[in-house]
Amino acid sequence: MRQKMWYIEIVNSFNQGSGLSVPFLREVMNMSDKWWKCAGIRAVKTVAQTAIATIGTGVVISQVDWVAVVSASVLAGILSLLTSIAGLPEVDMEE
């Protein structure tokens, strides 16, 4: 995958009203199995960290807003995967 600021392509494509470009989506789908495994591990860790932090804001377990915990954790996981598109130091994209 070419090294570029992927988020600029996403913003530009939505500003043009076209959504995500086909070449960009094709590039993401062609990521190696190693990339998907590493990105998935990072996303799961991020989801767990966000859930723990969000649960920790409740004084007692009965006061935890579980909808907020789940929604914040899922969003964090999605953002982690999108951030991984920019590059993972543990995965050489030239393989």
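Residues numbered from 1 in each chain as written. Predicted model: local features only at pLDDT ≥ 70, side-chain atom pairs only at ≥ 80, totals over all residues. Heavy atoms only, no water.

Novice: I'd love a proper account of helix α3 (residues 33-56), names of residues and values included.
Specialist: Spanning 24 residues, α3 covers 34 Å between terminal C-alpha atoms, matching the ideal 34 Å at 1.5 Å per step. When we look at burial in α3, the residues that qualify are Trp 35, Cys 38, Ala 39, Ala 43, Thr 50, Ala 51 and Thr 54. Tucked inside the fold, the buried residues of α3 contact α4 (66-85). (Helix = DSSP H or I, 4+ residues; strand = E, 2+ residues; numbered from the N terminus. Expected span 1.5 Å × (residues − 1). Buried < 20%, exposed > 50% of the residue type's maximum accessible area, 1.4 Å probe, protein only. Contact = heavy atoms within 4.5 Å.)

Novice: Tell me about the side chain of Ser 73, and please be specific about residues and values.
Specialist: Considering the arrangement of structural elements, one finds Ser 73 in helix α4. Classification of Ser 73 as buried rests on a relative accessible area of 4%. Among the polar contacts made by the side chain of Ser 73, one reaches the main-chain amide nitrogen of Ala 51 at a distance of 3.3 Å. Dropping the residues within four chain positions of it, Ser 73 is found in contact with Val 47, Thr 50 and Ala 51. (Polar contact = N/O pair within 3.5 Å; in protein donor to acceptor, adjacent residues only side chain to side chain.)

Novice: Can you explain the side chain of Ser 80? Please cite residues and give values.
Specialist: Of note, Ser 80 is situated in helix α4. Setting aside residues up to four positions removed in sequence, Ser 80 forms contacts with Arg 42, Ala 43 and Thr 46.

Novice: So what's going on with a nonpolar patch on the surface? Residues and values would help.
Specialist: Taken together, the side chains of Val 70, Val 74 and Ile 78 define a hydrophobic patch exposed on the protein surface, amounting to about 260 Å² of accessible area. Its place among the elements puts Val 70 in helix α4. (Patch = residues over 30% accessible without salt bridge, like charges linked within 9 Å, V, L, I, M, F, W, Y side chains within 5 Å. Areas by Shrake-Rupley, 256 points an atom, 1.4 Å probe, with all protein chains shown as cover. Salt bridge = Lys/Arg side-chain N within 4 Å of Asp/Glu carboxyl O.)

Novice: With reference to specific residues and values, describe the packing of aromatic side chains.
Specialist: Applying the stated criterion across every chain yields a total of one aromatic pair. Aromatic side chains Trp 35 and Trp 36 sit 4.9 Å apart centroid to centroid with 90° between the ring planes, which places their arrangement in the edge-to-face category. A residue is classified by how much of its surface remains accessible, and Trp 36, at 36% relative accessible area, is partly exposed. (Phe/Tyr/Trp six-rings, centres within 6.5 Å; stacked < 30°, edge-to-face > 60°.)

Novice: Please set out the packing of α3 against α4 residue by residue, giving values where relevant.
Specialist: Between α3 and α4, the least distance of the axes is 8 Å, while the angle of their chain directions is 150°. Relative to α4, α3 is oriented roughly antiparallel. Of the two possible hands of crossing, α3 and α4 adopt the one that is right-handed. For the pair α3 and α4, the contacting residues are Trp 35, Ala 39, Gly 40, Arg 42, Ala 43, Thr 46, Val 47, Thr 50, Ala 51, Thr 54 and Ile 55 in the first and Trp 66, Ala 68, Val 69, Ala 72, Ser 73, Ala 76, Gly 77, Ser 80, Leu 81, Ser 84 and Ile 85 in the second. (Axes fitted to C-alpha atoms, helices over the stretch in contact; angles between N-to-C directions. Parallel < 35°, antiparallel > 145°, perpendicular 65-115°, else oblique. Left-handed = near helix turned anticlockwise from the far one by under 90°.)

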